[in-house]
Amino acid sequence: MRRVLSVGCGNIAGGFDTDRPSAEPALTHAGAYAHHGGFQVPACVAPDTARRQAFMKRWSVSQGFASLDEVGAACLPGSFDVVSVCSPTGAHAQQVRAALQLAPKLVFCEKPLATSLQAAQAMLPPCAPLTALVLSPPLPPGVRPPRPAPRPPPRLVSRWRSTTPAAGPPMCSAWHRSCGQALGERSGWRQGPTTRVC
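One structure accompanies this document, and this report is about it.

### Topic: the side chain of H92
With respect to the helices and strands, the residue H92 is situated in helix α4 (residues 92-100). Only 2.8 Å separates the side chain of H92 from the backbone oxygen of S87, close enough to count as a polar contact. Once residues lying within four places of it in the same chain are set aside, the contact partners of H92 are V85, S87, C109, E110, P112, L113 and M123.

### Here's the deal with the pattern of salt bridges
In total, this model carries three salt bridges according to the counting rule given. Here R20 and E24 are joined by a salt bridge, their closest N and O atoms 3.6 Å apart. Among the residues examined, E24 registers a relative accessible area of 38% and is labelled partly exposed. Here the residues in one salt-bridge network are D17, R20 and E24, joined through shared partners.

### Here we look at unusual backbone geometry
The omega torsion across K111 and P112 is -15°, close enough to zero to call that bond cis. Summarising the element assignment, P112 is placed in the loop between β5 (106-109) and α5 (117-122). For S60, which is not a glycine, the phi torsion comes out positive at approximately 55°. Position of S60 among the secondary structure elements: in the loop between α2 (49-59) and β3 (63-65). When its relative accessible area of 65% is taken as the criterion, S60 is described as exposed. The phi angle at A103 is positive, at roughly 55°, despite the residue not being glycine. Examined against the element boundaries, A103 turns out to sit in the loop between α4 and β5.

### Things to note about the pairing of β5
Neither face of β5 is open: one carries L106 and F108, the other V107 and C109, and all of them are buried. Of the pairings in the sheet, the one linking strand β4 (residues 82-85) to β5 comprises four bridges and is parallel in character. Looking at β5, one finds that V85 is bridged to C109. Handedness of the crossover joining β4 and β5 through α4 is recorded here as right-handed.

### Some thoughts on α4
With seven of its nine residues buried, α4 lies for the most part within the structure. Where α4 is buried, its residues meet β1 (2-7), α3 (68-74), β4, β5 and α6 (124-127).

### Some remarks on the sheet that holds β4
What the five strands build is an open sheet, ordered β3-β2-β1-β4-β5; its pairing is parallel. At either margin of the open sheet sits one strand with a lone partner, and together these are β3 and β5. Across the sheet, the mean angle separating the axes of adjacent strands is 25° when strand polarity is ignored. Lying on the sheet, α4 is in contact with β1, β4 and β5; it crosses β5 at an angle near 165°.

### Concerning the side chain of R52
Mapped onto the elements of the fold, R52 is located in helix α2. Notably, R52 is buried but unbridged: the nearest opposite-charge side chain belongs to E70, and the N-O separation is 6.3 Å. With residues near it in sequence (within four places) discarded, R52 still touches C9, C44, A46, P47, G64, F65 and A66.

### Observations regarding α2
For α2, the full list of buried residues reads R52, F55, M56 and W59. All buried residues of α2 project into a common sector of 100° when viewed along the axis, lining one side. Pointing more than 90 degrees away from the buried face of α2 are the exposed residues A50 and K57. Looking at the buried residues of α2, the elements they touch are β1, α1 (29-36), β2 (39-45) and β3. Two or three places before A50, at the opening of α2, D48 has a side-chain oxygen 3.0 Å from that residue's backbone nitrogen. Phi turns positive one or two residues past the end of α2, at S60, with a value near 55°.

Reading the values: rules and limits
- Residues numbered from 1 in each chain as written.
- Predicted model: local features only at pLDDT ≥ 70, side-chain atom pairs only at ≥ 80, totals over all residues.
- Heavy atoms only, no water.
- Helix = DSSP H or I, 4+ residues; strand = E, 2+ residues; numbered from the N terminus.
- Polar contact = N/O pair within 3.5 Å; in protein donor to acceptor, adjacent residues only side chain to side chain.
- Contact = heavy atoms within 4.5 Å.
- Salt bridge = Lys/Arg side-chain N within 4 Å of Asp/Glu carboxyl O.
- Buried < 20%, exposed > 50% of the residue type's maximum accessible area, 1.4 Å probe, protein only.
- Pairing = 2+ DSSP bridges.
- Right-handed = clockwise from strand over helix to strand, strands pointing away.
- Axes fitted to C-alpha atoms, helices over the stretch in contact; angles between N-to-C directions.
- Lys, Arg positive; Asp, Glu negative; His and termini not counted.
- Arc of directions from axis to C-beta.

Distances and angles like these do not, on their own, reveal function.
This is the structure:
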């Protein structure tokens, strides 16, 4: 079972799935993790106490923290396999850097990655020594970029699309199936070929 730290407890983290039946396709990170079955979310981070407690109750999260500094003080590096950064865009750069101090295998980051290209590029060097994945949802079905970029070194990824959408374990939606595909590629759980699209 892979352990996940959710940074942010709002709609994208789990809120959109709060009142939806578990049989419905997941719309959120926590919903996809719960549906997959190979992940647990033992901890979350949000400065808003009420929102954090509601997230903890809905997703059976045992530990809640007001900041990543609190997580760093309470948890050893390697305590989490995956960190999902589901916070406002302006906080992504600082939170990804703080998440890397926890030595996860993967870091998922909601889109947009940063507020500018320069801010996004500045996030790359801290990720280089670790096996980290910063991921945004893929392009909608049928939308293709004009020129595919060459495949980068396996460190930081902005956006991936599965070339075999049905490959791998059943996920909740095309978005989460692609996320699962990228997760599988980067962590050694091969699910089928993947192509970098931007």
